[in-house]
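# Understanding the architecture of this molecule
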Protein chains: 2
Amino acid sequence: MPPRLNETMRSRFVRDDATDEEIEHEAATVGPLAASVRELVDAVIRTEVDEAEIEDVRRQVDALTARLRAKGLEGSYGARLSSTGRVRNWGNAVIGVRNALAPPLEIVRDSERITCDFTLGAAYEGPPGLVHGGVSALILDQALGEAAAAGGRPGMTGTLTLRYCEATPLGRLRVEAEIDRVEGVKTFARGRILACREDGSDPTVTVEAEGVFILPRWAREKPEHPAATVDAI
Amino acid sequence: MPPRLNETMRSRFVRDDATDEEIEHEAATVGPLAASVRELVDAVIRTEVDEAEIEDVRRQVDALTARLRAKGLEGSYGARLSSTGRVRNWGNAVIGVRNALAPPLEIVRDSERITCDFTLGAAYEGPPGLVHGGVSALILDQALGEAAAAGGRPGMTGTLTLRYCEATPLGRLRVEAEIDRVEGVKTFARGRILACREDGSDPTVTVEAEGVFILPRWAREKPEHPAATVDAI
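The model shown is predicted, which means the values in this text are computed figures rather than measured ones.

## A closer look at the sheet that holds strand β2 (residues 79-82) of chain A
Residues and elements named next belong to chain A. Sheet architecture is open: 3 strands sit in the order β1-β2-β3, paired in mixed fashion. Each edge of the sheet is formed by a strand with only one pairing partner; in this case those strands are β1 (13-16) and β3 (87-88). Of the pairings in the sheet, the one linking β1 to β2 comprises 4 bridges and is parallel in character. Across the sheet, the residue bridging to Phe13 is Ala79, located in β2.

## Points about the sheet that holds strand β4 (residues 108-109) of chain B
Working definition: the strands of a sheet are paired by backbone hydrogen bonds and lie parallel or antiparallel to each other. Spatial ordering of the open sheet is given by β4(A)-β5(A)-β7(A)-β8(A)-β9(A)-β6(A)-β6(B)-β9(B)-β8(B)-β7(B)-β5(B)-β4(B), a layout of 12 strands whose pairing is antiparallel. Two strands lie at the open edges of the sheet, namely β4 (108-109) of chain A together with β4 of chain B, each paired on one side alone. Of the pairings in the sheet, the one linking β4 of chain B to strand β5 (residues 113-120) of chain B comprises 2 bridges and is antiparallel in character. What sits directly across from Arg109 of chain B, in β5 of chain B, is Ile114 of chain B.

## What about unusual backbone geometry?
The omega torsion across Pro103 of chain A and Pro104 of chain A is -20°, close enough to zero to call that bond cis. Mapped onto the elements, Pro104 of chain A comes out in the loop between β3 and β4.

## What to know about the pattern of salt bridges
In the structure shown here, the tally under the stated rule is 42 salt bridges over all chains. The salt bridge involving Asp56 of chain A is made with Arg67 of chain B; its shortest N-O contact spans 2.7 Å. Note that Asp56 of chain A is positioned in helix α3 (residues 51-68) and Arg67 of chain B in helix α3 (residues 51-68), a pairing that runs across two chains. Looking at Asp56 of chain A, the relative accessible area reads 22%, which means it is partly exposed. Two residues, Arg174 of chain A and Asp117 of chain A, come together in a salt bridge whose shortest N-O distance is 2.8 Å. Remark: Asp117 of chain A occurs in strand β5 (residues 113-120) and Arg174 of chain A occurs in strand β7 (residues 171-183); sequence separation between them is 57 residues. Classification of Arg174 of chain A by relative accessible area gives partly exposed; the value is 31%. What emerges from the salt-bridge pattern is a single network uniting Arg113, Glu176, Glu178, Asp180, Arg181, Glu183, Arg190 and Arg192 of chain A.

## A few points about the pairing of strand β7 (residues 171-183) of chain B
Residue and element names in this part refer to chain B. Across 8 bridges, β5 lies against β7 in antiparallel orientation. Bridge pairing in β7 places Ile114 opposite Ala177. Inspection of the sheet shows β7 paired to strand β8 (residues 186-195) by 10 bridges, in the antiparallel sense. Pairing of Glu183 across the sheet is with Lys186, part of β8. Connecting the antiparallel pair β7 and β8 is a turn made up of 2 residues, with Gly184 showing a positive phi of about 60°.

## Examining the packing of aromatic side chains
Under the criterion given, the structure shown has 2 aromatic pairs over all chains. Summarising the aromatic geometry, the rings of Tyr77 of chain B and Trp90 of chain B are spaced 6.2 Å apart at their centres and angled 20° between planes, so their arrangement reads as stacked. Here Tyr77 of chain B is found in the loop between α3 and β2 (79-82), whereas its partner Trp90 of chain B is found in the loop between β3 (87-88) and β4, with 13 residues between them in sequence. Residue classification places Trp90 of chain B among the buried residues on the basis of a relative accessible area of 9%. Its guanidinium or amino end placed over the ring of Trp90 of chain A, Arg88 of chain A lies 5.9 Å from that ring's centre, counting from NZ or CZ.

## Some points on the interface of chain A and chain B
Counting residues at the interface gives 92 residues for chain A, matched by 92 residues for chain B. Approximately 8,200 Å² of surface area, both sides summed, lies buried where chain A meets chain B, with 62% of it carried by carbon and sulfur atoms. Scanning the region where chain A abuts chain B turns up 8 salt bridges. Where chain A touches chain B, the interface holds 46 residue pairs in polar contact (both at pLDDT 80 or more). Of all the secondary structure elements, the ones that give two or more residues to the side of chain A that touches chain B are α1 (3-12), α2 (20-46), α3, α4 (133-150) and β6 (156-164) of chain A. Tallying contributions element by element places α2 of chain A first for the side of chain A that touches chain B, with 16 residues. Taken together, the residues of the side of chain A that touches chain B break down into 46 nonpolar, 24 polar and 22 charged. Inspection of the sheet shows β6 of chain A paired to strand β6 (residues 156-164) of chain B by 5 bridges, in the antiparallel sense. Across the sheet, the residue bridging to Arg163 of chain A is Thr159 of chain B, located in β6 of chain B.

## Concerning the domain arrangement of chain A
In many reports, interface size means the accessible area that the parts give up when they come together. All names here are of chain A. Domain parsing of chain A yields domain 1 (13-104) and domain 2 (106-233). Distance between the C-alpha centres of domain 1 and domain 2: 23 Å. Opposite the 19 residues of domain 1 that make contact, domain 2 presents 16 residues. At the boundary of domain 1 with domain 2, total buried surface from both sides reaches about 1,200 Å², with 67% on carbon and sulfur atoms. Its largest share of buried area at the contact with domain 2, domain 1 owes to Val94, Ile95 and Pro103, together 34% of the area lost on that side. Linking domain 1 with domain 2 are 0 salt bridges. Applying the counting criterion to the domain 1 and domain 2 interface returns 2 residue pairs in polar contact (both at pLDDT 80 or more). Broken down by secondary-structure element, the contributors of at least two residues to the side of domain 1 that touches domain 2 are β1, α2 and β2. No other element matches the 4 residues that α2 contributes to the side of domain 1 that touches domain 2. Split into classes, the residues belonging to the side of domain 1 that touches domain 2 amount to 13 nonpolar, 3 polar and 3 charged.

Rules behind the numbers
Think of each chain on its own: its residues are numbered from 1, step by step along the sequence as written. Working convention: letters from A go to chains and numbers from 1 go to ligands, in the order in which they are written. Where totals are concerned, whole chains, interfaces and linings use all residues; where local detail is concerned, this predicted model gives features only for residues with pLDDT of at least 70, and gives and counts side-chain atom pairs only at 80 or more. To obtain the side-chain values, all non-hydrogen atoms of the structure were included, while hydrogens and water were left out. Note on pairing: DSSP must find at least two bridges between two strands before they are called paired. For the purposes of this entry, the term helix denotes a DSSP run of H or I that reaches at least four residues, the term strand denotes a run of E that reaches at least two, and both are numbered from the N terminus. A pair is scored as a salt bridge if a Lys or Arg side-chain nitrogen falls within 4 Å of a carboxyl oxygen belonging to Asp or Glu. Burial classification: accessible surface area is computed with a 1.4 Å probe over protein chains only, and a residue below 20% of its type maximum counts as buried, one above 50% as exposed, and the rest as partly exposed. Working definition: rings of Phe, Tyr and Trp (its six-membered ring) pair if their centres are within 6.5 Å, and the pair is stacked with planes under 30 degrees apart, edge-to-face with planes over 60 apart, and tilted otherwise. Any Lys NZ or Arg CZ that is within 6 Å of a ring centre and within 35 degrees of that ring's normal is treated as a charge sitting over the ring. The contact criterion used throughout is that any non-hydrogen atoms of two residues lie within 4.5 Å. Throughout, the accessible surface (probe 1.4 Å) given up by two parts as they are put together, summed over both, is called the buried area. Throughout this description, a polar contact denotes any pair of N or O atoms lying within 3.5 Å of each other; where both atoms belong to protein, one of them has to be capable of donating a hydrogen while the other can accept it, and for residues adjacent in sequence the pair is counted only when both atoms sit in side chains. Only Asp, Glu, Lys and Arg are considered charged, only Ala, Val, Leu, Ile, Met, Phe, Trp, Tyr, Cys and Pro nonpolar, and every remaining residue, Gly among them, polar. Start and end points for every domain follow an automatic or database-based domain assignment.

Given below as structure tokens:
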């Protein structure tokens, strides 16, 4: 791990004294705004209103952006760690509650595996009507990393291999992942995306993934570090 | 390739009679709206304005979404093919001009390789201050597929393997890709992401990728199909 990486990470891994109540209150305020922007993103892709309307909406969007920018962070959101051990990586591109790009995945974790049911709409398209192959990779990278962390083995992605078994339709999907094995600082995780069928038949695997996650140096040096605090790496 | 896939693709691969002038005009109208929404996405992640302001902005966003939804497509954007051979896959998650989730990449294609300089901000974050590993995978899947298509060998992703050499900082980046070799219906492509350094030194490779892209049946059956029409698969 190059020194620059640790410096960058540490500079954005902020401890604060937010209470659980404050965290939940903020999530309940900004989460719905991100959800509304997610709908706006979808509407821009699919709209067929006339040019004058589009131009007026654009001006209004710019005005709203200016209002939000009246007070804000200089850089990216990073990750905050509260005194009660809760991590907020709310800018995360897959699970970030503030991030309209994130579906966002609400991952169910246990010590053996993680699962998540989610839906991908028009904004995640690659081939017509299908999930972009790279979006499947994005989801699986997060899922495998979460599985490693859920097993107490957080890490940076070292390698990731994806096998596309069949096309993934836009719509209702599931992702599953678990740890395969551990070798020193390397955690081998595997997972898959399944497509839910409209006819109610069993979901079928569309993409399979294997990944190696490397335990970062600071986690090796501080084995007592609670697992909850390292989800965000 | 399962029959269902081809049916899905064909149902959304629409030929229309849009002229080049009409296409450029539409891109010049809707592209800036998507760009404005991209800024809004970023502002939502980074804002620190108070709760009342966030709730009011959310209501205004919902009103704008309703205006855009007054007339629109029922499903995803898919891909349109004009009579002059131009493809609009404008919902695409990486290059779609209508898609605020897409950076969007403006890819420079020649027959040997593709390149693209781009910038990733707060919405593409994984570890604090760094590009999400899955976002790098998303970018590289598109880039390798574009390289295959640029060489006249479009295809669906079969496998994709990523090697993370070092952390990718948010900021100015470059992606490059080219065809490695062709074996029957399989095209082997490879590529990499490079991080541009603030001190002006040479960009360094942060992620490497190899992928296999499978020539779809319809492209095998119609070898005279112009390459320009198949970028969108």
